[in-house]
Amino acid sequence: MQTSVRTSFSKLLRRKVVSPQTLVSKERHLSILSIHRRQGCNSVVIEPTKFVHSQPGSSKRCVCSSPPLTSRRGHFDDGSQILSAELLPEKENVMVKMINQGKHLPGSNTDVENQQFPFVWLRDNCQCPKCFHSEAFSRTLQMLDFDINCRPTSLKVSEDKTSITLHWQDGHESTFKADWLSERAFTPRARAARLVDYRGNRILWDARDFKRMNGDDSDNSWRFSYSDIMSKDSSLLAWLEYLQTMGIAMVVGSEPTNGQLRRLADRAAFVRRTHYGELFSVRAKNEPSNVAYTSEKLQIHTDLPYYEYKPGVNMLQCLVQWKGTGGENHLVDSYAVAELMRHEHPNEYNILSTTLVDWTDIGQEPEGVEEDIEANVSQRERRAFHSIYRAPVICEDHEGYIVRVNFSQPQRDSHFCVKLSQVSSWYSAFNVFIQLLHSPRYSVTYKLKEGEILTFDNLRICHGRGGYGTDAGMSESLERHVKGAYMDWDEVRSRIRTLRKKIRLEDELKVS
């Protein structure tokens, strides 16, 4: 299923509500349980699997996967009631009609929605203690003993009309709450809502969007207080959700000292260690193991493309900033560029999303974990590394949804294991991508201030640095020092989900 929702970028920055669009897809015939229900939550966010970037000159600057960043996900615990239910054994279906307090179903043009469930899925997902461990949230039904052809013999609606009970041919009994079923429906709306929870929201941006976001007249929505994040769960959630949606967020107000970055990472998830250590210092060094550890211009890139499971979140804290010209950060939303290529240069997009490229990193780093206090680094033994990973520049999942961009000129290996006939066409496609990444339409600059922490999606945002210093070398008073750390998206998204649940429960307790 492919769909898109267009909205004004400035409205999104002000976090105005955007009504979700109705999703449409082709459904295959299934043996199913069908449910009609009316759902009354305030909003249901939707997640497209494909984006269409705005054209030059368009007033609609951005493609959005959801309503506002602070809107709550719709959940189905608001008292749905079943009007009727019946078995349709000739179609292997159960038809259920439900209503929810007479409220309109968000994301639908009608007040009633068909929800259909296969018999085999229902039996497999029985919630009774014999089949499901409620404390571990784990299915315990033994698959070897599971009859995939088992059928219900009867159906009963509860007296309060909020659940149904199925009696099966093997004598087993399964009860399902109406809201539980609705959350897991196979309808386009329910599947789209689930993808939001899985992938998160996404908003693409370009240079004009970034200027609005960071301009003097903006609401500074991309800036988040370090102290608030460390003390308030709501602020922590707001930062992580924005980071997930926009791919970039600025944390301000930290002390430009060692220890602050680790505290932030531990508050959100935990630091991901690589062969550069847990925390690493981006500064000009003698015998650098990476071109980032020089004062020269650093081309835009994504970090660690040579890792199969590369860290998803990059955090760079400015401890000391270069006072002269240079040292600014260069930033590009590579997903926005890739989506433009998908629609305006489809042949080149196809080449970059299907051709495997060798990415590599070779060097040595001091043994042991680099802690916040750097001591005796020169005295440590150095461990050699040689990392290789093969992946396209643009990586998609099986639904065509972009999940990762690999781009690093220094880390692209000279080995290129493709057919001879593919080389020239790949370079031509790669050149289109490079030109767009560096174009004024997409490329932006921002010079970090001491104490600021730039956080961004390392799977998505290309970043670089302007050269600084002189050929004569660096002086201590003019040094530039940025502390870096990584986190994994798996852990960050887990944190987002648990925070949402915690805050929602706290709000419900306040209301009650």
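These figures come from a predicted structure and were not determined experimentally.

A. Quick peek at the overall build of the chain. If you tally the helices and strands in the chain, you get 12 helices and 25 strands. Just so you have it, the chain exposes about 24400 Å², and 49% of that area is on carbon and sulfur atoms.

B. Structural context of the pairing of strand β25 (residues 481-487). Of all seven residues in β25, seven are buried; the element is thus mostly enclosed. Neither face of β25 is open: one carries His 481, Lys 483, Ala 485 and Met 487, the other Val 482, Gly 484 and Tyr 486, and all of them are buried. Pairing between strand β14 (residues 279-282) and β25: four bridges, direction antiparallel. Residue Leu 279 lies in a different strand from β25, and its bridge partner there is Ala 485. Pairing of strand β16 (residues 313-320) with β25, which is carried by seven bridges, proceeds in the antiparallel orientation. Across the sheet, the residue bridging to Asn 314 is Tyr 486, located in β25.

C. Inspection of the nonpolar core at higher detail. Formed by 85 residues in total, the largest nonpolar core has its most connected members in Trp 239 and Ile 248. What Ile 248 contacts, discounting residues up to four positions off in sequence, is Trp 205, Phe 210, Met 213, Trp 222, Tyr 242, Leu 243, Leu 331, Leu 454, Thr 455 and Phe 456.

D. Quick peek at the side chain of Thr 165. Here Thr 165 is to be found in strand β10 (residues 163-168). Within the structure, Thr 165 has its side chain in polar contact with the side chain of Thr 175 (distance 2.9 Å). If sequence neighbours within four positions are ignored, Thr 165 has contacts with Ser 154, Leu 155, Lys 156, Glu 173, Ser 174 and Thr 175.

E. Summary view of the packing of helix α4 (residues 188-199) against helix α12 (residues 489-511). As a packed pair, α4 and α12 sit with axes 9 Å apart at the nearest point and diverge in direction by 120°. Between α4 and α12, the angle falls in the class oblique. In contact with Asp 197, Tyr 198 and Arg 199 of α4, α12 contributes Arg 493, Arg 497 and Arg 500. Residue classes in the contact of α4 with α12 are distributed as one nonpolar, no polar and five charged.

F. Spatial organisation of the pattern of salt bridges. Under the counting rule described, the total for this entry stands at 21 salt bridges. Between Arg 194 and Asp 197 there is a salt bridge, with its nearest N and O atoms 3.3 Å apart. Of this pair, Arg 194 and Asp 197 both sit in helix α4, three residues apart, roughly one helical turn. Exposure remark for Asp 197: the relative accessible area of 23% places this residue in the partly exposed category. For Asp 333, the salt bridge is made with Arg 460, and the minimal N-O distance between the two is 2.7 Å. Of this pair, Asp 333 sits in strand β17 (residues 329-333) while Arg 460 sits in the loop between β23 (453-457) and β24 (461-465), placing them 127 residues apart in sequence. We note that Asp 333, like Arg 460, is buried. One continuous salt-bridge network, built from bridges that share partners, spans Arg 194, Asp 197 and Arg 497.

G. Just the environment of Ala 268, in detail. By secondary structure assignment, the location of Ala 268 is in helix α8 (residues 260-268). A sequence separation of 219 residues divides Ala 268 from Met 487, and the C-alpha atoms of the two residues are 8.8 Å apart. Not counting residues up to four positions away in its chain, the partners in contact with Ala 268 are Leu 236, Trp 239, Leu 240, Met 487 and Arg 495.

H. Examining the sheet that holds strand β22 (residues 444-446) more closely. The antiparallel open sheet is built from four strands, whose spatial order is β15-β24-β17-β22. A single partner strand is all that each edge strand has here, and the edge strands are β15 (298-301) and β22. Direction aside, neighbouring strands of the sheet carry axes that sit 20° apart on average.

I. View of the sheet that holds strand β11 (residues 173-177). Strand order across the open sheet formed by three strands is β9-β10-β11, with antiparallel pairing between neighbours. The open sheet is flanked by β9 (152-157) and β11, the only strands paired with a single partner. In this sheet, adjacent strand axes meet at a mean angle of 20° when their direction is disregarded. Where β9 lies against β10, five bridges are found, and the strand directions are antiparallel. The residue of β10 that forms the bridge with Leu 155 is Leu 166.

J. Region of interest: a nonpolar patch on the surface. A cluster of nonpolar residues, Val 120, Met 143 and Ile 148, forms a patch on the protein surface that exposes about 270 Å² of accessible area. You can see Val 120 is positioned in helix α2 (residues 119-124). A relative accessible area of 34% means that Val 120 is categorised as partly exposed.

K. Representation of the pairing of β23 in the model. Of all the five residues making up β23, five are buried; the element is thus mostly covered by neighbouring parts of the structure. Side chains Ile 453, Thr 455 and Asp 457 project from β23 onto one buried face, and the interleaved Leu 454 and Phe 456 project onto a second face that is buried too. Note: strand β13 (residues 248-252) against β23, four bridges, orientation antiparallel. Residue pairing in the sheet places Ile 248 in a bridge with Phe 456 of β23. With five bridges connecting them, β16 and β23 associate as antiparallel partners. Note that in β23 the partner of Gln 317 across the bridge is Ile 453.

L. Main features of unusual backbone geometry. Within the chain, Phe 137 stands out as a residue other than glycine whose phi angle is a positive 50°. Here Phe 137 lies in the loop between β7 (132-133) and β8 (138-139). Of note in this structure, Lys 161 is not a glycine but carries a positive phi near 60°.

M. Molecular detail of the packing of helix α7 (residues 233-246) against α8. The geometry of α7 relative to α8 is characterised by a closest axis approach of 11 Å and an angle of 90° between their N-to-C directions. One element, α7, and the other, α8, form an angle in the roughly perpendicular class. Along the contact surface, α7 presents Asp 233, Leu 236, Trp 239 and Leu 240, while α8 presents Leu 264, Arg 267 and Ala 268. Class assignment of the residues belonging to the contact of α7 with α8 gives a composition of five nonpolar, no polar and two charged.

Calculation notes
- Residues numbered from 1 in each chain as written.
- Predicted model: local features only at pLDDT ≥ 70, side-chain atom pairs only at ≥ 80, totals over all residues.
- Heavy atoms only, no water.
- Helix = DSSP H or I, 4+ residues; strand = E, 2+ residues; numbered from the N terminus.
- Areas by Shrake-Rupley, 256 points an atom, 1.4 Å probe, with all protein chains shown as cover.
- Buried < 20%, exposed > 50% of the residue type's maximum accessible area, 1.4 Å probe, protein only.
- Pairing = 2+ DSSP bridges.
- Core = buried A, V, L, I, M, F, W, Y, C linked by side-chain atoms within 4.5 Å.
- Contact = heavy atoms within 4.5 Å.
- Polar contact = N/O pair within 3.5 Å; in protein donor to acceptor, adjacent residues only side chain to side chain.
- Axes fitted to C-alpha atoms, helices over the stretch in contact; angles between N-to-C directions.
- Parallel < 35°, antiparallel > 145°, perpendicular 65-115°, else oblique.
- Nonpolar A, V, L, I, M, F, W, Y, C, P; charged D, E, K, R; others polar.
- Salt bridge = Lys/Arg side-chain N within 4 Å of Asp/Glu carboxyl O.
- Patch = residues over 30% accessible without salt bridge, like charges linked within 9 Å, V, L, I, M, F, W, Y side chains within 5 Å.

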